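The lines below spell out each chain.
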Amino acid sequence: MPDPTKPSATPDFLNHDRPPVPDIVVPRGVTPFHLRDRPVRGRLVRLGPLADALLTRHDNSPAVTALAGQALALTAGLAAALKFRGSFSLQAKGDGPVAMLLADCTDTGALRGYARADAERVAALPADAAANALLGGGYLAFTCDQGPEMERYQGIVAIEGDSLAAMTGAYFRSSEQLQAHVQLAAGETPSGWRASALILERVAGGGGIAPELTDDAQEEAWRTALALAATLTEAELLDDALSSERLLQRLFHTEGGLEIDRARALSYGCRCSRARLAGVLDGFPPEDLDHMAEDGTITMNCEFCNLGFAFDRSEVQGGAARG
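Because the structure is a prediction, the values reported are computed rather than measured.

Here is what the cut-offs are and how they apply
Residues numbered from 1 in each chain as written. Predicted model: local features only at pLDDT ≥ 70, side-chain atom pairs only at ≥ 80, totals over all residues. Heavy atoms only, no water. Helix = DSSP H or I, 4+ residues; strand = E, 2+ residues; numbered from the N terminus. Rg over C-alpha atoms; globule rule 2.2 N^0.38 Å. Buried < 20%, exposed > 50% of the residue type's maximum accessible area, 1.4 Å probe, protein only. Contact = heavy atoms within 4.5 Å. Areas by Shrake-Rupley, 256 points an atom, 1.4 Å probe, with all protein chains shown as cover. Lys, Arg positive; Asp, Glu negative; His and termini not counted. Charge placed at Lys NZ, Arg CZ, Asp CG, Glu CD. Salt bridge = Lys/Arg side-chain N within 4 Å of Asp/Glu carboxyl O. Axes fitted to C-alpha atoms, helices over the stretch in contact; angles between N-to-C directions.

*Asks:* Honestly, the overall build of the chain in this entry has me stumped. Any pointers?
*Replies:* Broken down by element type, the chain carries 11 helices and 13 strands. Computed over the C-alpha atoms, the radius of gyration of the chain is 22 Å, within 12% of the 20 Å expected from 2.2 N^0.38 for a compact globule of 323 residues. For the chain, the C-alpha atoms occupy an extent of roughly 75 × 45 × 35 Å along the three principal directions. Residues counted as buried form 50% of the 323 residues belonging to the chain. Partitioning the contacts of the chain with sequence separation of at least 6, the portion at a separation of at least 24 is 65%. Surface summary for the chain: the accessible area is close to 15,700 Å², and the carbon and sulfur share equals 49%. One way to put it: in the chain the 29 positive side-chain charges average out to a point 5 Å from where the 43 negative ones average out.

So this is what it looks like as structure tokens:
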């Protein structure tokens, strides 16, 4: 089979073949649940081997890789709560050693992401540097993009708090007026890199709550759920041998009424192709293309899958040439 990253007889704009990347699907990547007659709903995200496939495409330090893994798990969990067609993304941009952190998930569960880091600046930090030290000052944006015919929704919050979970909690409180609990974990295990997320949300109003439950009782039920969630360890979140259903039962069995909803699959979701990158190149003027070329070849790297696509300069016209 021809390598789609290299020039071929097929015109670039028609070459949509998938590059040589892992073909991985985690059937139960996101497990939604709720507590019957309680103001609590949530999602448990377990990326399993998908985390290792996504994170090891880049040669980052463990601290940066863990941050990227947390972003992937968080994005998958947030996307699963929405009804949309398109992609949901998390983007953190700051002036720290990690200048860009990006993860996105489609409505079908295709997940991808990367962290762009300055290795020397990262090395100057402690090995256990917090997220705010890695990202520096800047912003965290959540974007739902449903295509050119639909209005794009975006929420932005300043990078504040020492963890990605804390930043997300601040976003929920300030922008969504929603009480939520976010717990993230990512780390290298004997089976490879793993990443996970637990997201709890307090249900507003009367939806899914027993009519006889007073406001005080609802508040107490929410606080109890938070206290139980706080007992969850990173080791449990990253343990492949502990199923999502068993983990949730272990957490909330004292409450009774745990209802596990239909799980959602997650997959390796880089969407790069020669056609897509050729379209990007086609927007550059010829003089810029000449500067990009080395020995007659232009190489474009996909930042998600970290593959280089080679294009013959003579085959790329550029935008100004068509005018």
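*Asks:* Mind showing me how you'd approach the pattern of salt bridges here?
*Replies:* Between side chains of opposite charge, a pair can form as their charged atoms come close. Enumeration according to the criterion identifies 13 salt bridges in this entry. Arg-38 is paired through a salt bridge with Glu-255; the nearest N and O atoms lie 3.8 Å apart. Here Arg-38 is found in the loop between strand E1 (25-35) and strand E2 (40-46), whereas its partner Glu-255 is found in the loop between helix H8 (244-252) and strand E10 (258-260), with 217 residues between them in sequence. Looking at Arg-38, the relative accessible area reads 25%, which means it is partly exposed. For Arg-223, the salt bridge is made with Glu-219, and the minimal N-O distance between the two is 2.9 Å. Taken together, the residues span about one helical turn, with Arg-223 and Glu-219 both in helix H6 (residues 215-229) at a distance of 4 residues. Looking at Arg-223, the relative accessible area reads 53%, which means it is exposed.

*Asks:* What's the story with the packing of helix H2 (residues 62-79) against helix H5 (residues 164-176) in this structure? I'm lost.
*Replies:* Relative orientation of the contacting elements H2 and H5 amounts to 35 degrees, with a least axis distance of 10 Å. Judged by residue contacts, Leu-67, Gln-70, Ala-71, Leu-74 and Leu-78 of H2 engage Leu-164, Thr-168 and Phe-172 from H5.

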